[in-house]
Amino acid sequence: MKKEPSEGLIDFNVDQTDGDDLLTAEGFVRLFSETIMISSPKSIATVRTPYVWKMKNQKDHKTMEQKEFELKQEKFINNDKTPFFIFRKEEFRKLFKHFSQFGKVFYPVKANDHIEVLKAVDALSGCFEVDGIYHIERLLSIGVSPEKLQFSIPIKKPNGVKKALKYGVNRFIIDTEEEYLKIRQNRKNIQFIIRVSIADILNIKEVCYHKWGIPIKKAIELANIIENDGSHFLGISFYLSQEIFNYENFSTVLDCIAKNFKGRSLSVLDIGGGLDDSFSSNFHNKIKEIKESLNIDTIIVEPGRNLLDPCIDMVVSVIGTAKRGDNMWAYIDAGIYSGLLDYVIKDKVFEISILDRTEPSSKTYKYLLSGPTSDALDFLGEYSFKKQLNAGDKLIIKNCGAYTFVLGTHFGGFNHFGFKGGDLL
Ligand SMILES: Cc1ncc(COP(=O)(O)O)c(C=O)c1O
């Protein structure tokens, strides 16, 4: 199987250090420039960026590690192959461990399928949740065992099912009887997890929340069908997206599962992604409670956005500026078609700084930041800098590791990290 090149992502591995926060890309920016943004017409309150990695102010004593780090900073500034990502693996490891407290991590490959990210998950003994053959083949290409994969998307391409089984993937999430039969017709001894509808449990009306999941009563019927047919019913899964993720909803869903599956021991309870920084002791206690009451062996967690976002930054170049009416515009070589779509779909205000060695001025310069394509939608909002921007300047867009690399297109003829071709069947 063809291996993917590691293009587009610089591995910023701080393995050899004591993990000091100074050795982060954030530290790097602060050392050279005080130009921290942000102003934007969009509300920051709607954005949940839970893990803010604090920089210690240690300008006074330079350790060996710091000197080494500064050499890497030069590499970032001198690397003209923008846009590219910086992957802070040490921070990734910390967060991975954090989420592992709550259950076995099945990393959602859809969040970022870069080979270096997949290898980092594998090195931490993580498992993977995949949505298609493309994900499966990528994982197999780096030597991940198919036993560590869970085919999660509830409705799957028939060819994809056949191929996945051939590759040795044996664990499937389903939410209809039709899907059970589609998979089951291939062979016996397949493991199934049933995804329940959170919209049904929480009585949510918005149609988008009804896209996946089976009502809890029907989940019991489906579990019976699976067991009576000689297949393996492993357990239950659900996914509370970030917009509705809170303790109240979480505990309502868990209580409902506990009530309806009482007396039946489940091997697995998969509580999905959406986990954020609020996910702490009260959630932990609730998980323990259901684990005991249903005699569950394994709790599965699938953190995507909040595992990846805080560990990966994007470095971009300014390709030109223009004064148009009262506004200054700066055009950079990445935008929503390079995966920075969260500005549009989540009102996300990015944290953007100049990678620069010169002293910041006392003045503030405001820019409307645009991606490189001609599309008017390719726009990231208004940002302030303590320095005028010029073509060739490098900017660092922090905390943008999830749902960016995977959303890169080739729209406008730009190579936004390469077009992947989707599910290759
Ligand atoms: C089933 C499932 N698990 C995990 C995730 C990752 O969620 P998040 O990135 O919100 O943590 C998703 C995202 O869509 C999902 O659908």
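Attention in this report is confined to the structure presented alongside it. Just so it is clear, the model here is predicted, and its values are computed rather than measured.

**Considerations on the site of the ligand**
Phase 1: The ligand sits among Pro108, Lys110, Glu129, Arg195, Tyr239, Gly273, Gly274, Glu302, Pro303, Gly304, Arg305 and Tyr403.
Phase 2: The contact in question runs from a nitrogen atom of the ligand to an N or O atom on the side chain of glutamate 129, over 3.0 Å.
Phase 3: Within the backbone of arginine 305, a nitrogen or oxygen atom sits 2.8 Å from an oxygen atom of the ligand.
Phase 4: Surface burial for the ligand is 86%, taken as the share of its 390 Å² of free accessible area covered by protein chains.

**So, the nonpolar core**
Phase 1: In this structure, Tyr107, Phe128, Phe238, Ile257, Phe261, Ile271 and Leu395 are the most contacted members of the largest nonpolar core, which totals 105 residues.
Phase 2: Mapped onto the domain boundaries, this core takes at least three residues apiece from domain 1 (9-70 + 81-86 + 314-413) and domain 2 (113-303).
Phase 3: Contacts of tyrosine 107, omitting those with residues within four sequence positions, involve Asn112, Val117, Leu118, Val121, Cys127, Phe128, Glu129, Pro303, Leu307 and Leu308.

**As for the pairing of strand E16 (residues 394-398)**
Phase 1: With respect to burial, E16 is a largely interior element, five of its five residues being buried.
Phase 2: Alternating positions in E16 separate into two faces, Lys394, Ile396 and Lys398 on one and Leu395 and Ile397 on the other, with burial throughout.
Phase 3: As judged from the four bridges shared by strand E11 (residues 312-324) and E16, these two strands associate in the antiparallel manner. What sits directly across from methionine 314, in E16, is isoleucine 397.
Phase 4: For strand E13 (residues 351-355) and E16, the ladder comprises five bridges, and the chain directions are antiparallel. By the bridge assignment, glutamate 351 is partnered in E16 with lysine 398.

**Considerations on the pattern of salt bridges**
Phase 1: Scanning the model with the defined rule gives 22 salt bridges in all.
Phase 2: Between lysine 156 and glutamate 179 there is a salt bridge, with the nearest N and O atoms lying 3.9 Å from each other. Taken as a pair, lysine 156 in the loop between strand E5 (149-151) and helix H6 (158-167) and glutamate 179 in helix H7 (residues 177-184) lie far apart in primary sequence, 23 residues in all.
Phase 3: Since its relative accessible area comes to 3%, lysine 156 is described here as buried.

**A closer look at the packing of aromatic side chains**
Phase 1: The tally for this structure, following the rule as stated, stands at 17 aromatic pairs.
Phase 2: Measuring from ring centre to ring centre gives 5.7 Å for tryptophan 329 and phenylalanine 379, while their planes differ by 50 degrees; the resulting arrangement is tilted. Taken together, the residues tryptophan 329 in strand E12 (residues 327-332) and phenylalanine 379 in strand E15 (residues 379-385) connect sequence positions 50 residues apart.
Phase 3: Each member of the aromatic cluster is reached from another via a ring pair, and the members are Phe238, Phe245, Tyr247, Phe250 and Phe283.
Phase 4: The lysine or arginine in question, lysine 156, covers the ring of phenylalanine 151, its NZ or CZ lying 5.7 Å from the ring centre.

**Regarding H6**
Phase 1: Here H6 has its buried residues at Gly160, Val161, Ala164 and Leu165. Down the axis of H6, the buried side of the element spans an arc of 130 degrees, and every buried residue falls inside it.
Phase 2: A positive phi of about 100 degrees marks glycine 168, the residue just after H6.

**Some remarks on the environment of alanine 223**
Phase 1: With respect to the helices, strands and loops of the structure, alanine 223 is situated in helix H9 (residues 216-228).
Phase 2: Owing to a relative accessible area of 0%, alanine 223 belongs among the buried residues under this scheme.

Reading guide: rules and limits
Residues numbered from 1 in each chain as written. Predicted model: local features only at pLDDT ≥ 70, side-chain atom pairs only at ≥ 80, totals over all residues. Heavy atoms only, no water. Near = heavy atom within 4 Å. Polar contact = N/O pair within 3.5 Å; in protein donor to acceptor, adjacent residues only side chain to side chain. Areas by Shrake-Rupley, 256 points an atom, 1.4 Å probe, with all protein chains shown as cover. Core = buried A, V, L, I, M, F, W, Y, C linked by side-chain atoms within 4.5 Å. Buried < 20%, exposed > 50% of the residue type's maximum accessible area, 1.4 Å probe, protein only. Domains from an automatic or database assignment. Contact = heavy atoms within 4.5 Å. Helix = DSSP H or I, 4+ residues; strand = E, 2+ residues; numbered from the N terminus. Pairing = 2+ DSSP bridges. Salt bridge = Lys/Arg side-chain N within 4 Å of Asp/Glu carboxyl O. Phe/Tyr/Trp six-rings, centres within 6.5 Å; stacked < 30°, edge-to-face > 60°. Lys NZ or Arg CZ within 6 Å of the ring centre and 35° of its normal. Arc of directions from axis to C-beta.

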